[in-house]
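Letter by letter, the chains look like this.
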Amino acid sequence: MKLKFDPNLKYQEDAVSSVVDLFRGQTPMQSNFTVAAYQSRVGMFDSEHGVGNKIELAEEEILNNLQKIQLRNGLPQTNMLKANNLDFSIEMETGTGKTYVYLRTIFELYKNYGFTKYIIVVPSIAIKEGVYKSLQITEEHFKSLYDNAIYEYFIYDSNKLEQVRSFAVNDNIEIMVINIDAFRRSFEDITKESKANIIHRPNDKLNGMKPIELIQETKPIVIIDEPQSVDTTPKSKEAIKSLNPLCTLRYSATHVEKHHLVYKLDAVDAYNMGLVKQI
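To keep things clear, this report deals only with the structure shown in the data block. The model shown is predicted, which means the values in this text are computed figures rather than measured ones. (Residues numbered from 1 in each chain as written. Predicted model: local features only at pLDDT ≥ 70, side-chain atom pairs only at ≥ 80, totals over all residues. Heavy atoms only, no water.)

### Quick look at the sheet that holds strand β4 (residues 117-122)
Sheet strands line up and pair through hydrogen bonds in the backbone, either parallel or antiparallel.
Turning to step 1, where the next piece is worked out: With parallel pairing, the seven strands of this open sheet are ordered in space as β5-β6-β4-β7-β8-β3-β9. Each edge of the open sheet carries a strand with a single partner, namely β5 (151-155) and β9 (261-265). In this sheet, adjacent strand axes meet at a mean angle of 15° when their direction is disregarded.
Turning to step 2, where the next piece is worked out: Bridging between strand β3 (residues 87-92) and β9 involves four bridges; their strand directions are parallel. Across the sheet, Ser89 pairs through a bridge with Leu261, a residue of β9.
Turning to step 3, where the next piece is worked out: Each of β3, β8 (247-252) and β9 is contacted by helix α1 (residues 10-20), which is oriented at about 170° to β9, the strand it contacts most. (Pairing = 2+ DSSP bridges. Helix = DSSP H or I, 4+ residues; strand = E, 2+ residues; numbered from the N terminus. Axes fitted to C-alpha atoms, helices over the stretch in contact; angles between N-to-C directions. Contact = heavy atoms within 4.5 Å.)

### Overview of the packing of α1 against helix α3 (residues 98-113)
Turning to step 1, where the next piece is worked out: Here α1 crosses α3 at 45°, and the two axes come no closer than 9 Å. By the angle between their axes, α1 is oblique relative to α3. Considering how the two elements wind past one another, α1 and α3 form a crossing that is right-handed. Across from Gln12, Ala15, Val16, Val19 and Val20 in α1, the residues of α3 making contact are Tyr100, Val101, Arg104, Thr105, Glu108, Leu109, Asn112 and Tyr113.
Turning to step 2, where the next piece is worked out: Along the lines of polarity and charge, the residues of the contact of α1 with α3 split into eight nonpolar, three polar and two charged. (Parallel < 35°, antiparallel > 145°, perpendicular 65-115°, else oblique. Left-handed = near helix turned anticlockwise from the far one by under 90°. Nonpolar A, V, L, I, M, F, W, Y, C, P; charged D, E, K, R; others polar.)

### A short note on the environment of Ala253
Turning to step 1, where the next piece is worked out: By secondary structure assignment, the location of Ala253 is in the loop between β8 and β9.
Turning to step 2, where the next piece is worked out: Judged by relative accessible area, which is 18%, Ala253 ranks as buried.
Turning to step 3, where the next piece is worked out: Considering only alpha carbons, one finds Ala253 and Ala267, 14 residues apart in sequence, at a separation of 8.2 Å.
Turning to step 4, where the next piece is worked out: Each residue touching Ala253, except ones within four places of it in the same chain, is listed here: Glu91, Met92, Glu93 and Thr94. (Buried < 20%, exposed > 50% of the residue type's maximum accessible area, 1.4 Å probe, protein only.)

### Considerations on helix α2 (residues 59-72)
Turning to step 1, where the next piece is worked out: Spanning 14 residues, α2 covers 20 Å between terminal C-alpha atoms, matching the ideal 20 Å at 1.5 Å per step.
Turning to step 2, where the next piece is worked out: Those residues of α2 that sit buried are Ile62, Leu63, Asn65, Leu66, Ile69 and Gln70. Looking down the long axis of α2, one finds its buried residues gathered within 160° of arc, a one-sided arrangement. In this structure, α2 carries Glu60, Lys68 and Leu71 as exposed residues pointing more than 90 degrees from its buried face.
Turning to step 3, where the next piece is worked out: Looking one or two residues beyond α2, the residue adopting positive phi is Gly74, at roughly 65°. (Expected span 1.5 Å × (residues − 1). Arc of directions from axis to C-beta.)

### Quick look at the nonpolar core
Turning to step 1, where the next piece is worked out: Residues Phe88, Ile120, Leu249 and Val262 are the most contacted members of the largest nonpolar core, which totals 49 residues.
Turning to step 2, where the next piece is worked out: Broken down by element, the residue count for this core peaks at eight residues, all from α3.
Turning to step 3, where the next piece is worked out: Counting residues in hydrophobic clusters, the runner-up holds 26 residues, among them Ile119, Tyr156, Val169 and Ile224. (Core = buried A, V, L, I, M, F, W, Y, C linked by side-chain atoms within 4.5 Å.)

### What to know about unusual backbone geometry
Turning to step 1, where the next piece is worked out: Not every positive phi belongs to a glycine, and Asn244 is a case in point at roughly 55°.
Turning to step 2, where the next piece is worked out: For Asn244, the location among the structural elements is in the loop between α8 (234-242) and β8.
Turning to step 3, where the next piece is worked out: With relative accessibility at 29%, the residue Asn244 sits in the partly exposed group.
Turning to step 4, where the next piece is worked out: Within the chain, His260 stands out as a residue other than glycine whose phi angle is a positive 50°.

### Brief notes about the pairing of strand β6 (residues 173-179)
Turning to step 1, where the next piece is worked out: With seven of seven residues buried, β6 is to be regarded as a mostly interior element.
Turning to step 2, where the next piece is worked out: The two faces of β6 match: Ile173, Ile175, Val177 and Asn179 on one face and Glu174, Met176 and Ile178 on the other face are all buried.
Turning to step 3, where the next piece is worked out: Alignment of β4 against β6, held across six bridges, turns out to be parallel. Looking across to β6, one finds that Lys117 is bridged to Glu174.
Turning to step 4, where the next piece is worked out: Strand direction decides the pairing type here: β5 and β6, joined by five bridges, are parallel.

### Details of the pattern of salt bridges
Turning to step 1, where the next piece is worked out: Applying the stated criterion across every chain, the model contains eleven salt bridges.
Turning to step 2, where the next piece is worked out: Note that Asp231 and Arg250 form a salt bridge whose closest N and O atoms lie 2.7 Å from each other. Of the two residues, Asp231 sits in the loop between β7 (221-225) and α8 while Arg250 sits in strand β8, which places them 19 residues apart along the sequence. No difference in accessibility class separates Asp231 from Arg250, as the two residues are buried.
Turning to step 3, where the next piece is worked out: Connected via shared salt-bridge partners are Asp21, Arg24 and Arg72. (Salt bridge = Lys/Arg side-chain N within 4 Å of Asp/Glu carboxyl O.)

Here it is, written out as structure tokens:
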């Protein structure tokens, strides 16, 4: 049995456009960087180009876009953006298609601005598997909506670091799903290096680079699913920052911290719209 998804639900379209319009005026572009690779057959290093997200808009332009979005959505106005901290919240009641919305937002951001690198950070193994399943069951749907767009998605596995390399060098849409516990433990003290997550340790196959360094070069758009369970501690906040995100998009029904709210569909709204049966 195939699941069918309605692409024309206005509240979902509004949630998507509220994020996409943050970058109105951005010209589609990418950044490039060099990635070294160890060729075991010949015992030497080679190199290739990595591809990352790039933004040309000034913070003032993004702030202006944000204020226009907040005005049309009836939300409190943001007066200023913190330097190099593009952090936005999207509030959606449970059961209204939050995962679908942020996955579709990925395709719209790519379509409009050419952003290709995305990391979905989740709080638990169960949610990680759920997001991966959503990617699987929506694949045909999104390809039909977006002209058979080429994209790859995977669950981060510290035993498969070649996936991180592919994430960095491919110029199509790349989506990594990762549990916060997989990159929360990082140590600057080299004497404690063995206690850090593998993603923070130098790797011979990456010419001594740390996997996190490849990720940082891509300036990924970071999507946090259930942020109230992901980055509520200083160590978790540090971990999110270590990804070097172009921007951070936080999706939840119950935000503990709201960072520049761009869209809100709370329990009362969802009930009044007939999207949920009770509050």
